[in-house]
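Given next are the chains, with one letter for each unit.
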Amino acid sequence: MHPLSAVIGCLTVLGAFVLLPLTCLSTMLAAFGIFIAWRFHWKFVQVALHTFKRDVLCLIVILRVKFAMYRNARERKTIPALFAKTVAKHPDKPALIYEPTGEVWTFRELQEQCHAVAHWALARGWAEGDVVALYMESRLLLVALWLGLAMVGVEAAFINCNLRLKSLQHCVSVCGARALVFGSELTEAVFAVGGSLPCDMVTFCSGEQADEEKLRCLKAANLDNMLAQSQKHPPNYTLNKSFNDRLFYIYTSGTTGMPKAAVVVHSRYYRIAASGFYCFGLQRDDIIYNCLPLYHSAGTIMGAGQCLLFGLTVVIRRKFSASRFWEDCVKHSCTVIQYIGEICRYLLAQPVHPSEGHHRVRVALGNGLRASVWEEFVRRFRIKHVGEFYGATECNCGLINIDGKVGACGFSSRILPSFYPIRLVRLQEESRELLRDAQGLCITCQPGEPGMLVGCINDKDPLRRFDGYADQDSSSQKIAHNVFKMGDSVYVSGDVLVMDDYGYMYFKDRCGDTFRWRGENVSTTEVEGVLSGLLGHTDVAVYGVCVPGVEGRACMAAIAHAGGLFDFDAFLSFVQEALAPYARPVFLRLMPAVDTTGTFKIQKMQLQKEGYKSQNPREKIYFLNSAAGCYEAVTDELYDSITEGRARL
């Protein structure tokens, strides 16, 4: 029986019950209870009663966001146009505050900086659809850069400021950027790849204390001087783009290869920011503390988006500092903080500080907060509400934990499952591919059964679009066809979750060739390529291993090493130069050979199960002692120290 038919039947019986004499009340209540139990089964009734309020609240939010998106699409609104409306409401209100300097930009000043960027872009001759790569640490100018470029249809590409050498070169080239804007703090990194950049690419540097000689070699112009001389009034330009056109690119680690440039359209930016605003009860007088990097969607969409679209003040921290976190919150009277799971753990590891008892924070907004850390974090820092969510920049199956269920990253309605069509589907245990039945369709998971999270694609629905990546092949790899019915298409998240009886979703594992560490996605094939190149193209298997008490998975590299000396110092020096800190191997496993399949694919499942303690006497495992700056052999004593949390990672 379809739930809707059952509800109609119940209402019919209830209507008849109301018309009967009150003397039959007890009899009718009993009869109605029997009818409900027979029609729905007690389990469904229990679930419906438990989740009704949650589902209705989320339904209201979804409808509110959906209607706003349809209106914006009909009126051909863009993020710059919506920002202009925000500025008109309170031009002199603080929009962005920068730490550690305390610099403040009002909404009017932010808009003027954006206009300066727009005039600069037009003067360069750039047209709508051109791409400019942005490579710098978090700062106020980064917001003005992408938004000012968007005012004239030029698309920014945010590059992770931790990337170096081949990864950096790849990200600059894959988006087809015509120019590279970098922070002076990253001059050395840009200089290292300068000879590999396209010959027609122009470069601009922002910031002080740059190496002038290297800037001359790069022919990098001083962006700050150019913007200071640029006009601050609105450019005389009519934007041709509309609500569903491209806004910018954010790079994300895919399941294979180098980082991929995920397409963010104007409507996706609005959807992510608006969902956070309405779901978590944010208010227009809130002040958000954003210590997340602005090259991530969490920082530049979920965080800065509250400022641009809803008029909140956002404090942008250049880099996360556990020791300064609560002092900054008190200093700026912050009422909302952003986090990733690791940040919460770092804060709990800090000694008690007076500032943590004087803040005004009521909402913590983010993702990756473990249940074991959740309750201690809320209790110690007196956080009234945790707004946990799940989602990748490009995905169409985001989840939101609207009612603060401890440990859950969101939910799927059990009573209205088709309204927001996301599902968990079964996986083949070894290959991790979607499992299909005799008809060739995927099999939906039951509560308690781990499965791959997928979202049905519908280009006409703004919540179910999949805009993909700059590279069409990468987009195709994230789509599965004929999943729930013949002819349909779904976005495959690459993440394994598990759902309980009430529809709450819990993150279980990251499938494929990526894993999460220090709040970043690590591409195993990318790291394998770097290490294999260093070691003369020997076989290298990179994977993530669980360490007790630590979020995510630590990077471990199994290296085929026949014997002889292994130069650990040279190895460490190389990885520090070539890999971002979160992608460097924490553990090394030297073994005679790395097992591969018949098609030369490296087999990692058994290695992952064994972790960082091998039973094979022919193998040696080493641990990166960050304090000593060297790799050291994992003895029984060191193993216990790591497992018990005494050794620093």
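Residues numbered from 1 in each chain as written. Predicted model: local features only at pLDDT ≥ 70, side-chain atom pairs only at ≥ 80, totals over all residues. Heavy atoms only, no water.

Enquirer: In this structure, what is going on with helix α14 (residues 341-349)? I would like to understand it.
Expert: Within an α-helix, residues lying three or four positions from one another point in the same direction, as the helix has 3.6 residues per turn. The set of residues buried in α14 consists of Gly341, Glu342, Ile343, Cys344, Leu347 and Leu348. Looking at the packing, one finds that the buried side of α14 touches α13 (325-331), β12 (336-340), β13 (363-367) and α15 (371-381). (Buried < 20%, exposed > 50% of the residue type's maximum accessible area, 1.4 Å probe, protein only. Helix = DSSP H or I, 4+ residues; strand = E, 2+ residues; numbered from the N terminus. Contact = heavy atoms within 4.5 Å.)

Enquirer: Is there a simple way to think about the packing of aromatic side chains in this case?
Expert: Each aromatic ring pair is summarised here by two numbers: the centre-to-centre distance and the angle between the ring planes. Summed over all chains, the structure comprises 27 aromatic pairs. Centre to centre, the rings of Phe248 and Tyr269 are 5.9 Å apart; their planes meet at 85°, and the pair counts as edge-to-face. In this pair, Phe248 sits in strand β8 (residues 246-252) while Tyr269 sits in helix α11 (residues 266-279), placing the two residues 21 residues apart along the sequence. For the pair Phe248 and Tyr269, a shared accessibility class is recorded, and that class is buried. Taking 5.0 Å as the distance between ring centres and 85° as the angle between the ring planes, the aromatic pair formed by Tyr289 and Phe325 counts as edge-to-face. Linking Tyr289 in strand β10 (residues 287-290) with Phe325 in helix α13, this pair joins segments that are 36 residues apart in sequence. Using a relative accessible area of 0% as the deciding quantity, one classes Phe325 as buried. The rings of Tyr289, Phe320, Phe325, Trp326, Tyr346, Phe377 and Phe381 are connected pair by pair, giving a single aromatic cluster. (Phe/Tyr/Trp six-rings, centres within 6.5 Å; stacked < 30°, edge-to-face > 60°.)

Enquirer: Help me understand the state of the cysteines in this model?
Expert: A covalent bond between the sulfur atoms of two cysteines is referred to as a disulfide. Under the defined criterion, the tally for this structure stands at zero disulfides. Residue Cys175 stays outside any disulfide, its sulfur separated by 8.0 Å from that of Cys171, the closest cysteine. Between Cys397, a free cysteine, and Cys395, which holds the nearest cysteine sulfur, the sulfur-to-sulfur gap is 4.4 Å. (Disulfide = S-S within 2.5 Å.)

Enquirer: Can you help me understand the nonpolar core in this one?
Expert: Buried together is how nonpolar side chains tend to be arranged in soluble globular proteins. Formed by 176 residues in total, the largest nonpolar core has its most connected members in Leu110, Trp120, Trp146, Phe248, Tyr269 and Phe587. Apart from residues no more than four positions distant in its own chain, Leu110 is found in contact with Phe83, Ala95, Leu96, Trp105, Val143, Ala144, Cys307 and Leu308. Cys291, Ile343, Cys344 and Val361 belong to the second-largest nonpolar core, a separate cluster that totals 28 residues. (Core = buried A, V, L, I, M, F, W, Y, C linked by side-chain atoms within 4.5 Å.)

Enquirer: Even after reading the chapter, I still don't get the pairing of strand β20 (residues 489-499), so can you show me in this structure?
Expert: For a regular strand, the rule is simple: side chains alternate between the two faces of the sheet. Most of β20 is tucked away, with 10 of its 11 residues classed as buried. Here β20 runs beside strand β21 (residues 504-510); their pairing, made up of five bridges, is antiparallel. Bridge pairing in β21 links Asp495 to Arg510. What sits between the antiparallel neighbours β20 and β21 is a turn of four residues, in which Gly503 has the positive phi angle 90°. (Pairing = 2+ DSSP bridges.)

Enquirer: Please explain unusual backbone geometry as it appears in this structure.
Expert: Excluding glycine, residues mostly carry a negative phi; peptide bonds, for their part, are mostly trans. A cis geometry characterises the amide bond from Glu99 onward to Pro100, with omega recorded as 25°. Mapped onto the elements, Pro100 comes out in the loop between β1 (94-99) and β2 (103-106). The phi dihedral of Arg76 falls on the positive side, at around 55°, and the residue is not glycine. Topologically, Arg76 is positioned in the loop between α3 (42-74) and α4 (79-89). A positive phi angle, near 55°, is found at Asn482, a position not held by glycine.

Enquirer: How should I be thinking about the pairing of strand β4 (residues 155-158) in this particular structure?
Expert: Side chains Glu155 and Ala157 project from β4 onto one buried face, and the interleaved Ala156 and Phe158 project onto a second face that is buried too. Sheet analysis places strand β3 (residues 131-135) next to β4, joined by four bridges and oriented parallel. Following the sheet pairing, Leu134 is matched in β4 by Phe158. Between the parallel pair β3 and β4, the chain is carried across by helix α6 (residues 140-151), and the sense of this crossover is right-handed. (Right-handed = clockwise from strand over helix to strand, strands pointing away.)

Enquirer: When you look at the side chain of Ser167 in this model, what are you seeing that I'm missing?
Expert: By secondary structure assignment, the location of Ser167 is in helix α7 (residues 165-174). Residue Ser167 is classed as buried on the basis of its relative accessible area, which comes to 4%. Apart from residues lying up to four places away in sequence, Ser167 is in contact with Met258 and Glu526.

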